[in-house]
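The chain contents come next:
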Amino acid sequence: MAEQRSGLTNNFFSHQILCLFLVSQVSIASSSNTSVGVNWGTMASHQLPPENVVKMLKDNDFTKLKLFEADQNILNALIGSEIEVMIGIPNRLLKEVAQDPAVAASWVEENVTAYSYHGGVNIKYIAVGNEPFLQTYNGTYVEFTLPALINIQKALEEAGLKNVKVTVPFNADIYFSPESNPVPSAGDFRPELRDVTIEIINFLYTHDSPFTVNIYPFLSLYGNAYFPVDFAFFDGSNNSLRDGDLVYTNVFDANLDTLVCAMERYSFLGMKIIVGEVGWPTDGDKNANAKSAKRFNQGMVKHAMSGNGTPARKGVIMDVYLFSLIDEDAKSIAPGTFERHWGIFEFDGRPKYELDLSGKGDDKTLVPVQDVKYLPKTWCVLDTNAFNLDDLADNVDYACSLSDCTALGYGSSCNHLTNIGNASYAFNMYYQMHDQKTWDCDFLGLGLITDEDPSDDLCEFPVMIDTGNSPRLQPRSSRVLAMVLIILVLPLL
């Protein structure tokens, strides 16, 4: 929100009065479904059976779900569940969907129409792309997003699916307040994206479809060492931001109202806004832990369900999807090693902390995924009796580049391990994520299979779940982290 903007002709003061005046119109954006939803990502090396996860969703009274793409196994598991579903179309498909209406029609037929029958899947939204205007994409998807949106809308109409709405989940980096006036009422869209963003909003507005935005207060804290910690949460009282007569006590409200005022600047009044992703990771950074995640997510649920709204949108029950349901050990860690640890539940479906989804704020224990099958209780560790350690650094590099060593990073749960512990953790993660094959604990004679659990009170050496014939995803390489670990084990050489 601290980017410069240029070429604006609006008077900030006049716009501020307009934004504050329109509270009554915006309040119509409240949702009739007052539950909080959740994102279910599947970038995991070993995925839990979809039927078991859907049962867990129902056991915990999750009634809204967001999927990043149309996974047939998950959609089949959702049949008859009555859970409200938002299905995403991945960015990689946008160009094809944009350029060929037949592709859009085929996608709708296969993934929406096929499940839209009495007792089928309760599909309510189609998310066209995911953060397609993200700055790091360098404009790759900008020209395809609106045409893809138009083609999907047309395909839904031709299929008679008028109750299914389209949307585009945007990252919050598409809007900002200027450095000269960093308050929500000065909100506007990024100059280079302003025209196309307004076109998309107008299309959604015309079709009574919602605007979706992803907001991450954690990233404000992660990206700025001087950011006030309390302002990232909902129960802090030490920091506040004043915008005219309005006072902001948390960055989420300030961020969301910046969007509201940016939309109202261009006369989009009372449009429904969905918060498509919001959450807090539990590992991979000094500020990422279960205590902080519980504090944030419980505060988020309570705030969303309270009906208090934001300072500029009073009386609104927010439509929010927590990010995310389960840890994903194959996600890219380019944004940070915390990326694999956003889950409310561990990789095996165990809840990480208590969370009251009713919004009352009670310490309510979540129900885990049931009937999870695990591989045998064996671990791969560094053989401390190994004679030649010349190849240890290369083997740690190899193990981490093809597994998940993010818990070893600075401020993470296993950062306290000794050099021997670091190497053992790396070996075990490779061994587990490759299904405990004997040869995957060789490491040129440096590995040793043991039935003694090397975990301690802070650092868990996991035993992987047994997926049987479930689909598996190759973890993305994390060479940078591997190089850090090489430095950690060098003293052993």
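The rules behind each value
Residues numbered from 1 in each chain as written. Predicted model: local features only at pLDDT ≥ 70, side-chain atom pairs only at ≥ 80, totals over all residues. Heavy atoms only, no water. Helix = DSSP H or I, 4+ residues; strand = E, 2+ residues; numbered from the N terminus. Buried < 20%, exposed > 50% of the residue type's maximum accessible area, 1.4 Å probe, protein only. Areas by Shrake-Rupley, 256 points an atom, 1.4 Å probe, with all protein chains shown as cover. Salt bridge = Lys/Arg side-chain N within 4 Å of Asp/Glu carboxyl O. Pairing = 2+ DSSP bridges. Right-handed = clockwise from strand over helix to strand, strands pointing away. 1 Å grid on protein atoms, 1.4 Å probe; cavity = no way out; pocket = protein on both sides within 12 Å on 5 of 7 lines; lining within 4 Å. Points joined across faces, edges and corners; volume = space filled by probe spheres on them. Nonpolar A, V, L, I, M, F, W, Y, C, P; charged D, E, K, R; others polar. Axes fitted to C-alpha atoms, helices over the stretch in contact; angles between N-to-C directions. Parallel < 35°, antiparallel > 145°, perpendicular 65-115°, else oblique. Contact = heavy atoms within 4.5 Å. Core = buried A, V, L, I, M, F, W, Y, C linked by side-chain atoms within 4.5 Å. Polar contact = N/O pair within 3.5 Å; in protein donor to acceptor, adjacent residues only side chain to side chain.

Chemist: Is there a simple way to explain the overall build of the protein chain in this structure?
Modeler: Helices and strands together make up the secondary structure of the protein chain, namely 14 helices and 17 strands. In the protein chain, which comprises 493 residues, the share counted as buried stands at 58%. By element, 51% of the accessible surface of the protein chain is carried by carbon and sulfur atoms, the whole surface being about 20,700 Å².

Chemist: Looking at this structure, I do not really get the pattern of salt bridges. What am I missing?
Modeler: Two side chains that carry opposite charge are able to pair once their charged atoms sit near each other. In total, this model carries 19 salt bridges according to the counting rule given. Between Arg194 and Asp188 there is a salt bridge; the shortest N-O distance is 3.4 Å. Of the charged contacts in the structure, one is a salt bridge between Arg340 and Asp404, with a shortest N-O distance of 3.1 Å. In this pair, Arg340 sits in the loop between β15 (319-322) and β16 (379-382) while Asp404 sits in the loop between α12 (392-401) and α13 (419-433), placing the two residues 64 residues apart along the sequence. When sorted by exposure, Arg340 lands in the same class as Asp404, which is buried. Each of Lys64, Lys272 and Asp319 takes part in a single network of salt bridges with overlapping partners.

Chemist: Could you clarify how one ought to interpret the environment of Ile317 in this entry?
Modeler: Note on placement: Ile317 falls in the loop between β14 (313-314) and β15. On the basis of relative accessibility, which here comes to 22%, the residue Ile317 falls in the partly exposed class. Sequence-wise, Ile317 and Met305 are twelve residues apart; in three dimensions their C-alpha atoms are separated by 5.5 Å.

Chemist: Please clarify how the pairing of strand β3 (residues 84-89) should be interpreted in this entry.
Modeler: On a regular strand, one side chain projects to one face of the sheet and the next to the other, so that they alternate. Summarising burial for β3: six of the six residues are buried, a large majority. Judged by which residues are buried, β3 turns out to be covered on both faces: Glu84, Met86 and Gly88 on one side and Val85, Ile87 and Ile89 on the other are all buried. Across four bridges, the pairing between strand β2 (residues 64-67) and β3 is parallel. For Lys64, the partnering residue across the bridge sits in β3 and is Glu84. Taking the sense of rotation as the criterion, the β-α-β connection linking β2, helix α4 (residues 72-78) and β3 turns out right-handed. With six bridges joining them, β3 and strand β4 (residues 122-128) adopt parallel strand pairing. Bridge assignment links Ile87 to a residue of β4, and that residue is Ile126.

Chemist: Could you clarify how one ought to interpret the layout of surface pockets in this entry?
Modeler: Where empty space is left becomes clear once a probe the size of a water molecule has been rolled over the atoms. When its volume is computed, the second largest pocket comes out at roughly 600 Å³. Around the second largest pocket, the lining is made up of 25 residues, and of these Asp283, His341, Glu346, Ser413 and Glu460 lie nearest the centre. Grouping the constituent residues of the lining of the second largest pocket by class yields eleven nonpolar, four polar and ten charged.

Chemist: Explain the packing of helix α7 (residues 142-158) against helix α8 (residues 194-206) to me, please; I cannot follow it from the model alone.
Modeler: Describing two packed helices takes the angle between their axes plus the distance from one axis to the other. Where α7 contacts α8, the two axes come as close as 10 Å, and the packing angle between them is 10 degrees. What the angle tells us is that α7 and α8 run roughly parallel. Along the contact surface, α7 presents Val142, Thr145, Leu146, Leu149, Ile150 and Gln153, while α8 presents Val196, Glu199, Ile200, Phe203 and Leu204. Of the residues that constitute the contact of α7 with α8, the class distribution is eight nonpolar, two polar and one charged.

Chemist: For this particular structure, what's the right way to read the nonpolar core?
Modeler: Within soluble globular proteins, side chains that are nonpolar tend to cluster in buried spots. Membership of the largest hydrophobic core comes to 139 residues, with the highest contact counts inside it found for Leu78, Ile126, Ile152, Phe211, Met300, Leu322 and Leu325. Excluding its chain neighbours within four sequence positions, the residues that come into contact with Leu325 are Val38, Asn39, Trp40, Val53, Met56, Leu57, Phe62, Gly343, Ile344 and Phe345.

Chemist: Honestly, the side chain of Thr197 in this entry has me stumped. Any pointers?
Modeler: The residue Thr197 is located in helix α8 in this model. Polar contacts involving the side chain of Thr197 include one to the main-chain carbonyl oxygen of Leu193, which spans 2.7 Å. Leave out the neighbours within four places in its chain, and Thr197 touches Phe133, Ile174 and Phe189.

Any functional reading would require information beyond the geometric quantities listed.
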